[in-house]
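# Residue-level structure breakdown
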Amino acid sequence: MASHTLEVGLRGTRDYVQGSQILARTAEIVARDHPDAALVTAKFTRITLRGVELVVGDGEAPSGGDEIGRGQVQADGERLAVRWFEVPGPEAPRIEDVPGVTSGLAPDGSGGGRADFAIAGTFESYLAAVIECVKALHAGRGERVSDIWFTALVGARLPATPTYPTAGSLAVELKIERMVDGRLQTLSVVETAGDGAPPAYQICFSCVIGD
Amino acid sequence: MTREEALAAITKALTETVGSVDGDVTEGTDLVADGMLDSLDSMTFLFELENGLGTKLAAIDEAYEDFRVGALVDIVVQATA
């Protein structure tokens, strides 16, 4: 299988390439050969502000690039491994920010909560809504919370094609939280309501809780 | 739940988390130190374990870091007694 340079950028004032961009560009590339492709898992071990190379299947890792994450896509009834590598060199180009897509955030007091969303119905717009919602719930824990990162998706079945509801709501339930090396790691279950909503899955974040 | 049943539940949660497990999982196995789980996987493992058992394991709080299978078996047996 081939490797592909992903068209990603530093959105707005961010100093990192968003995981949602990496996953969205990956989904588009995989869907070219496998229209039924769905993202199952994704795990990021570090962030980058440089370009990103996607390796699908058993393809060779690009020389000199550090692995920043890996995942699995379900396609044609089989699991396809995907890996992402940082491309050594200049920073990714800066791209325009996009407005928020969630509203009515309602924390449940236990680390979870709900929010409504209005999106384009694409994989990327849906993922952006979910990450925006979960990030806001983490930020809502207090002023001492910083460095909030989306780190993983597990047990998902997120179609690569634009089959997502254009309006709906998200319910996030915090299931596991752990302190590891000074960072709080969380695992929450995300349930989506709306026409064509994907089944529930787990999402992981990490953040720093200050003194 | 017996210790054998607890070990089976732990092995199932581990398999759900990492796909396939190389070698035997015994009470002497340390899931993190032996390289079967990294810190992200360990959260998924705990989620799968609690899901499989159908109960929250009160002994596993945010500071929990003992991933020796023997210790986990103790917790599961106690929680399901």
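Residues numbered from 1 in each chain as written. Chains lettered and ligands numbered in written order. Predicted model: local features only at pLDDT ≥ 70, side-chain atom pairs only at ≥ 80, totals over all residues. Heavy atoms only, no water.

### Here's the deal with the side chain of arginine 83 of chain A
Relative to the elements of secondary structure, arginine 83 of chain A occurs in strand 6 (residues 78-91). Glutamate 67 of chain A provides the closest opposite charge to the buried, unpaired arginine 83 of chain A, separated from it by 4.6 Å. (Helix = DSSP H or I, 4+ residues; strand = E, 2+ residues; numbered from the N terminus. Buried < 20%, exposed > 50% of the residue type's maximum accessible area, 1.4 Å probe, protein only. Lys, Arg positive; Asp, Glu negative; His and termini not counted. Salt bridge = Lys/Arg side-chain N within 4 Å of Asp/Glu carboxyl O.)

### Some points on the pattern of salt bridges
Tallying each qualifying case throughout the model produces 15 salt bridges over all chains. The salt bridge involving glutamate 86 of chain A is made with arginine 46 of chain A; its shortest N-O contact spans 2.9 Å. Here arginine 46 of chain A lies in the loop between strand 3 (38-44) and strand 4 (50-56) and glutamate 86 of chain A lies in strand 6, a separation of 40 residues in the sequence. Judged by relative accessible area, glutamate 86 of chain A falls into the buried class, the value being 13%. Residue class for arginine 46 of chain A comes out partly exposed when judged on its relative accessible area of 33%. Between arginine 3 of chain B and aspartate 74 of chain B there is a salt bridge, with the nearest N and O atoms lying 2.9 Å from each other. Of this pair, arginine 3 of chain B sits in helix 1 (residues 3-18) while aspartate 74 of chain B sits in helix 3 (residues 69-79), and the two are 71 residues apart along the sequence. Each of Arg11, Arg25, Glu28 and Glu124 of chain A takes part in one network of salt bridges that share partners.

### Topic: the interface of chain B and chain A
Between chain B and chain A, the residue contacts involve 17 residues of the former and 18 residues of the latter. A buried area of about 1,400 Å², summed over both sides, lies between chain B and chain A, and 59% of it is on carbon and sulfur atoms. It is Met43, Phe47 and Glu62 of chain B in chain B that bury the most area against chain A; as a group they hold 46% of the surface buried on that side. Taken together, chain B and chain A are joined by two salt bridges. For lysine 43 of chain A, the salt bridge goes to aspartate 38 of chain B, with nearest N and O atoms at 2.6 Å. Taken together, the connections running from chain B to chain A amount to seven residue pairs in polar contact (both at pLDDT 80 or more). For the side of chain B that touches chain A, the per-class residue count stands at six nonpolar, three polar and eight charged. (Contact = heavy atoms within 4.5 Å. Buried area = accessible area lost by both parts, 1.4 Å probe. Polar contact = N/O pair within 3.5 Å; in protein donor to acceptor, adjacent residues only side chain to side chain. Nonpolar A, V, L, I, M, F, W, Y, C, P; charged D, E, K, R; others polar.)

### Some remarks on the environment of valine 145 of chain A
Residues and elements named next belong to chain A. Along the polypeptide, valine 145 turns up in strand 10 (residues 145-154). Sequence separation between valine 145 and isoleucine 209 is 64 residues; the distance between their C-alpha atoms is 4.7 Å. Excluding residues within four positions of it along the chain, valine 145 makes contact with His138, Ala139, Cys207, Val208 and Ile209.

### Looking at the nonpolar core
Ile22, Leu23, Trp84, Phe123, Tyr126, Leu153 and Leu158 of chain A are the most contacted members of the largest nonpolar core, which totals 53 residues. Both domains that meet at this core, namely domain 1 (3-95) and domain 2 (102-209) of chain A, each give it at least three residues. Ignoring anything within four residues of it in the chain, the contact list for leucine 158 of chain A reads Ala37, Ala38, Leu39, Phe123, Tyr126, Leu127, Leu153, Tyr164, Pro198 and Tyr201 of chain A. Membership of the second largest hydrophobic core comes to 31 residues, among which are Ile176 and Leu187 of chain A together with Leu49 and Ile75 of chain B. (Core = buried A, V, L, I, M, F, W, Y, C linked by side-chain atoms within 4.5 Å. Domains from an automatic or database assignment.)

### Here we look at the confidence of the model for chain B
Residues and elements named next belong to chain B. For chain B, per-residue confidence averages 93 on the pLDDT scale, and 100% of positions sit at 70 or higher. Across chain B, the secondary-structure element scoring lowest on mean pLDDT is helix 2 (residues 39-53), at 94, and the one scoring highest is helix 3, at 96. Here the complex is predicted with pTM 0.93, and the ipTM for its interfaces comes to 0.87. (pLDDT = per-residue confidence, 0-100.)

### Focus on the domain arrangement of chain A
Residues and elements named next belong to chain A. Domain parsing of chain A yields domain 1 (3-95) and domain 2 (102-209). At the junction of the two partners, domain 1 supplies 22 residues and domain 2 supplies 18 residues. Of the roughly 1,500 Å² buried where domain 1 meets domain 2, counting both sides, 62% is carbon and sulfur surface. In this structure, the connection of domain 1 to domain 2 is made through two salt bridges. Across the pair glutamate 124 and arginine 25 runs a salt bridge whose closest N-O atoms are separated by 2.6 Å. The tally of links between domain 1 and domain 2 comes to eight residue pairs in polar contact (both at pLDDT 80 or more). Of all the secondary-structure elements, those providing two or more residues to the side of domain 1 that touches domain 2 are helix 1 (19-33) and strand 3. Examining the composition of the side of domain 1 that touches domain 2, we find that eight residues originate from one element, helix 1, more than from any other.

### Looking at unusual backbone geometry
All names here are of chain A. If you check the backbone angles, aspartate 76 has positive phi at about 50° while not being a glycine. For aspartate 181, which is not glycine, the phi torsion reads 50° and is therefore positive. Along the chain, aspartate 181 falls in the loop between strand 12 (167-180) and strand 13 (183-193).

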